[in-house]
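Here is what each chain is made of, one letter per residue.
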Amino acid sequence: MLPAAFWTHLPNLCHFDRWGRTRWSISSTKHSQILISNPASSVTSDIATVTMTSATAAPVLKPSSRPTPAPSSPSLWAIPPPLQKLFNHFPLVTLDPNPLPARSQVLTSASDTHPTLYVFSSDVDALEGKPSINPTCLKWQTLLRLNHLPFLTLPSSNHASPTGALPFLLPPRNLSSNPIPSASIPAYISRFTSTKPPIPTPREEAYLSLLNPLRLAFLYTLYLTPEHSPLLQKFYISPSTSSPLLGTVLQSQLSAAASAAVLQSLGLHPQTGTGGIDGEELYAEAAEALESLATLLKESPTGWFFGRERPEEFDAGLYGYVGIIMEYMDNTPGGRLGQLVRNAGEGVLVVWWEQIKKEAWGGGVGERGEMMRSEEEKYDYIIQCVRN
């Protein structure tokens, strides 16, 4: 079978000699001899010497009159070829997850039997198991103690939390190495007690919204009023830095974050600034919320919210704010919030606060969950846990 180039250039390849016989000739650098059959006769024609190209040769094209486009310049963001070859080999090695820090390995559990609650606190207060000065951390601390579950406390920050917020619970190493976020703490409690995870009713959710006005007034009082700057300095700035310059910057950042949170809850743009916050209005709404909560508590025959036999998550959530307010914002200059708590329901919230404090914080938590009778026992217990 002859190549396509043969039939394409047929007029240039075929001619007749003077005797009328068909002659074939092709010029090329490669030579070979083939037998050609004459289609006009049944006999085989002479052997034709054919000089031809390879079977895959393509016809010669005429040069185009169009100018050849210049090659495009490399993109500004193009990766150089040597780096591209290097990147093609990544990842070279997949490293194992980093282990817990050595300090955490020592302090996280007591003989691998006790969990550790990471809260916002100072090193000394955490070692002694004192209440956190953060409302959310204090809520879950109080709930664990109300259920008589033993645990250790360590200081931490939002950056170390798997959810970006404190607190979180680290189970004993012999059970699991996965941290438990705060939203899953009720399930953890029900696992080791007879308490079932509460299912909030619509009525409870409606009253739960009353904590938001109290939260806004708390943020405004602690972060945005000059009277409470010493408290902010003591609990939030001094543990973080000893530099006056960095302390000023940190205080400014905390105030800006609190201002943005208050404005966002009020439906205002964060760039409005503190000038868009009416402190008197915040205190008035907090007073109405506390009065409604006090009325609800008066209706309870057990002294706990919603008539429960024992304090539960709602009580602990309210205590997270009231406990800090009564301990640190009551008998201080500008202690408006403490006075609002005392006035609500003619002092019924103060009685409730004292009962929660006695039930949860009257002493340390023993190995089997008993309440310890003295600070010395609690401190000795924590030191023993750390040494183990």
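Residues numbered from 1 in each chain as written. Predicted model: local features only at pLDDT ≥ 70, side-chain atom pairs only at ≥ 80, totals over all residues. Heavy atoms only, no water.

(A) Geometry of the pattern of salt bridges. Tallied over the entire structure, the rule returns nine salt bridges. One salt bridge in this structure joins Asp125 and Lys130, with 3.9 Å as the shortest N-O distance. Between Glu299 and Arg203 there is a salt bridge, and its shortest N-O distance comes to 3.7 Å. Of this pair, Glu299 sits in the loop between α12 (279–298) and α13 (313–328) while Arg203 sits in helix α8 (residues 202–208), placing them 96 residues apart in sequence. Owing to a relative accessible area of 43%, Arg203 belongs among the partly exposed residues under this scheme. One continuous salt-bridge network, built from bridges that share partners, spans Asp125, Glu128 and Lys130. (Salt bridge = Lys/Arg side-chain N within 4 Å of Asp/Glu carboxyl O. Helix = DSSP H or I, 4+ residues; strand = E, 2+ residues; numbered from the N terminus. Buried < 20%, exposed > 50% of the residue type's maximum accessible area, 1.4 Å probe, protein only.)

(B) Just the side chain of Thr153, in detail. Here Thr153 lies in strand β6 (residues 152–155). On the basis of relative accessible area, Thr153 is assigned to the buried category, the value being 10%. Not counting chain neighbours up to four residues away, the residues in contact with Thr153 comprise Leu117, Val119, Ala126, Leu127, Gly129 and Gln141. (Contact = heavy atoms within 4.5 Å.)

(C) Local environment of the sheet that holds strand β8 (residues 180–181). One open sheet holds the four strands; their spatial order is β6-β5-β7-β8, and the pairing between them is mixed. Looking along the sheet, the strands with just one partner apiece sit at the ends: β6 and β8. Alignment of strand β7 (residues 168–170) against β8, held across two bridges, turns out to be antiparallel. The partner of Phe168 across the bridge, within β8, is Pro181. (Pairing = 2+ DSSP bridges.)

Take it as geometry only, folks, not as evidence of what the structure does.
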